[in-house]
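Listed below, chain by chain, are the residues.
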2 protein chains.
Amino acid sequence: MARRVINIGQAVLAKNQGLADALRADFRQAGTAVVNILSSPGSGKTELLARSLDRITAEFKTGVFVGDLATDRDAARLDGHGARVIQINTDGYCHLEANMIRAAADEMDMSGLQLLIIENVGNLVCPGSHDLGEDLRVVLLSTTEGEDKPLKYPSIFKGAHVAVVTKVDLAEVLGWDRDAALENIRAVAPQVQILETSARSGTGLDAWVDLLRELVTNKSAEAARR
Amino acid sequence: MARRVINIGQAVLAKNQGLADALRADFRQAGTAVVNILSSPGSGKTELLARSLDRITAEFKTGVFVGDLATDRDAARLDGHGARVIQINTDGYCHLEANMIRAAADEMDMSGLQLLIIENVGNLVCPGSHDLGEDLRVVLLSTTEGEDKPLKYPSIFKGAHVAVVTKVDLAEVLGWDRDAALENIRAVAPQVQILETSARSGTGLDAWVDLLRELVTNKSAEAARR
């Protein structure tokens, strides 16, 4: 069905890939580590980010691009946590594209930036197809969404390096089946590293921040060697 | 940014609209009421449907088309609740399109069908742009997603006739701000009828079933007058 549309999509994706490759080269040159965070609406991307920024911005210069169809609510929530923040309004687009990242990078003072975190539009489908030049792709799965989501939205999990389970403080009241959820993640994406967190209680945030710290350290060292 | 892509999208949408108009004419001729249900992944579409089918399929002949990127899990969950069920796998598409509905209608025995419920792909963006020939468009908002989602994904709420708040049994543990949520829905979509439900506890299901019953009754009466 609708093969013609799929072909159009492939041409658009090929163009995005060229722009993403150029972004990746520029970020590498600058020694900036880049993380792309994807999830459903309401999985807790912004809350996880706010808690993370409180811990990391004293250690290294951090920037955030936050994508939404409309409003600057997420940028407002992230403001005051020590990072440079730009809100990208996609005006109907269900995902961020590499050209939007380029435009935001032209707007932000990128000098000395060690970590750039991109919070994608809340969507378990579209953002998975678009490389943004990131080093690390992270997908969130909240306990409130149900254990079956990796099976039902496999491509976004297959393309991720890290899967972060969020809102584990709600596990008991929800009857969250942890074993089934982890098994479902591993079934579609055996490569991912899995973290379990709660931004509300603080569970698992140390491991998440350690992961970001290691990424930044490696990237800076790589840039220094050149 | 990326205006060229937007133009491609508009041509595709125009084609979808023609197919949706033809579907709507056929459904009207047959006296079949059609409901299109949209929400984020994990908002509770399938659970609400399963509970609804238990109440309505004894009263009128009901069919369900359920859309997912992959798996037939939702069709399996809905099986045995008295409705005819077809799973549509979109193979990467983030939404259902009118041509997929036509293909499913060709597969299903539509004779005497009084109600067709379409469970769209879990996504708060893409499904909003595609008319499927439905009479009633319903958007779900679960308490677990947060009160701000109508503001951040306005177009899908603007296009809906009914907004169903789900999982209200979790409101207290989540600290759900009911007033703020309803105000946000009304701010972007003053036209919608708002229902508050819990498939788990049964709260609000009577009002939801009454709404379906009224839709079917009106549609059958309209067909009988011709």
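Residues numbered from 1 in each chain as written. Chains lettered and ligands numbered in written order. Predicted model: local features only at pLDDT ≥ 70, side-chain atom pairs only at ≥ 80, totals over all residues. Heavy atoms only, no water.

**Here's the deal with the pattern of salt bridges**
Side chains that differ in charge, positive against negative, can pair when their charged atoms come close. A full pass over the atoms with the stated rule returns 38 salt bridges over all chains. A salt bridge links Lys 152 of chain B to Asp 68 of chain A; its shortest N-O distance comes to 3.7 Å. On the criterion of chain membership, the pair formed by Lys 152 of chain B in helix 5 (residues 149–152) and Asp 68 of chain A in strand 2 (residues 62–68) is interchain, its members lying in two chains. Each member of the pair, Lys 152 of chain B together with Asp 68 of chain A, is buried. The salt bridge involving Asp 148 of chain B is made with Lys 149 of chain B; its shortest N-O contact spans 2.6 Å. Comparing Asp 148 of chain B with Lys 149 of chain B, the two get one shared label, buried. One salt-bridge network, in which partners are shared between bridges, spans Glu 47, Arg 51, Asp 54, Asp 68, Asp 74 and Arg 77 of chain A together with Lys 152 of chain B. (Salt bridge = Lys/Arg side-chain N within 4 Å of Asp/Glu carboxyl O. Helix = DSSP H or I, 4+ residues; strand = E, 2+ residues; numbered from the N terminus. Buried < 20%, exposed > 50% of the residue type's maximum accessible area, 1.4 Å probe, protein only.)

**Observations concerning unusual backbone geometry**
The phi angle at Thr 71 of chain A is positive, at roughly 75°, despite the residue not being glycine. With respect to the helices and strands, Thr 71 of chain A occurs in the loop between strand 2 and helix 3 (73–78).

**Side note on the sheet that holds strand 6 (residues 162–166) of chain A**
Residue and element names in this part refer to chain A. Within the open sheet, the 7 strands sit side by side as 3-2-4-1-5-6-7. Their pairing is parallel. Lying at the two open borders of the sheet, with one neighbouring strand each, are strand 3 (84–89) and strand 7 (193–196). The sheet shows a mean angle of 20° between the axes of neighbouring strands, taken without regard to direction. As judged from the 4 bridges shared by strand 6 and strand 7, these two strands associate in the parallel manner. Within the sheet, the bridge partner assigned to Ala 163 lies in strand 7 and is Ile 194. Here helix 4 (residues 98–107) sits on the sheet in contact with strand 2, strand 3 and strand 4 (115–119), set at roughly 140° to strand 3. (Pairing = 2+ DSSP bridges. Axes fitted to C-alpha atoms, helices over the stretch in contact; angles between N-to-C directions. Contact = heavy atoms within 4.5 Å.)

**Topic: the interface of chain B and chain A**
Counting from both sides, the interface comprises 45 residues of chain B and, opposite them, 45 residues of chain A. When the two sides are added together, the surface that chain B and chain A hide from each other amounts to roughly 3700 Å², 62% of it contributed by carbon and sulfur. Across the chain B-chain A interface, the total number found is 4 salt bridges. The tally of links from chain B across to chain A stands at 8 residue pairs in polar contact (both at pLDDT 80 or more). Listing elements by their share of the side of chain B that touches chain A, those giving two or more residues are helix 1 (3–30), helix 3 (73–78), helix 4 (98–107), helix 5, helix 6 (154–158) and helix 7 (171–174) of chain B. The leading source of residues in the side of chain B that touches chain A is helix 1 of chain B, at 6 residues. (Buried area = accessible area lost by both parts, 1.4 Å probe. Polar contact = N/O pair within 3.5 Å; in protein donor to acceptor, adjacent residues only side chain to side chain.)

**Focus: the nonpolar core**
One recurring pattern in soluble globular proteins is that nonpolar side chains are buried together. With 50 residues, the main nonpolar core has Ile 185 of chain A together with Phe 157 and Ile 185 of chain B as its most contacted residues. Elements supplying a minimum of two residues to this core: strand 5 (136–142), helix 6 (154–158), strand 6 and helix 8 (178–188) of chain A together with strand 5 (136–142), helix 6, strand 6 (162–166) and helix 8 (178–188) of chain B. Contact partners of Phe 157 of chain B, with chain neighbours within four places excluded, come to Val 139, Leu 141, Lys 149, Pro 150, Ile 185, Val 188, Ala 189, Gln 191 and Val 192 of chain B. (Core = buried A, V, L, I, M, F, W, Y, C linked by side-chain atoms within 4.5 Å.)

**Quick look at the pairing of strand 5 of chain A**
Residue and element names in this part refer to chain A. Of all 7 residues in strand 5, 7 are buried, a share of seventy percent or more. Burial of strand 5 is two-sided: the residues Leu 136, Val 138, Leu 140 and Ser 142 facing one way and the residues Arg 137, Val 139 and Leu 141 facing the other way are all buried. One ladder, built from 4 bridges, connects strand 1 (residues 33–38) with strand 5; its direction is parallel. From the neighbouring strand, Asn 36 faces strand 5, where its bridge partner is Arg 137.

**Quick look at the sheet that holds strand 5 of chain B**
Strands belonging to one sheet form pairs held by backbone hydrogen bonds; the direction of such a pair is parallel or antiparallel. Residue and element names in this part refer to chain B. Strand order across the open sheet formed by 7 strands is 3-2-4-1-5-6-7, with parallel pairing between neighbours. The open sheet has two free edges, formed respectively by strand 3 (84–89) and strand 7 (193–196), since each of these has just one partner strand. In this sheet, adjacent strand axes meet at a mean angle of 20° when their direction is disregarded. Lying over the sheet, helix 4 contacts strand 2 (62–68), strand 3 and strand 4 (115–119), oriented at roughly 140° with respect to strand 3. Helix-sheet contacts for helix 8 involve strand 5, strand 6 and strand 7, and the interaxial angle to strand 7 is about 155°.

**Here's the deal with helix 8 of chain A**
Residues and elements named next belong to chain A. Along helix 8, the residues classified as buried are Ala 181, Leu 182, Asn 184, Ile 185 and Val 188. All buried residues of helix 8 lie within an arc of 155° about the axis, which places them on one face of the element. Relative to its buried face, helix 8 has exposed residues pointing more than 90 degrees away, namely Asp 179, Glu 183 and Ala 187. Looking at the buried side of helix 8, the elements it contacts are strand 5, helix 5 (149–152), helix 6, strand 6 and strand 7. (Arc of directions from axis to C-beta.)

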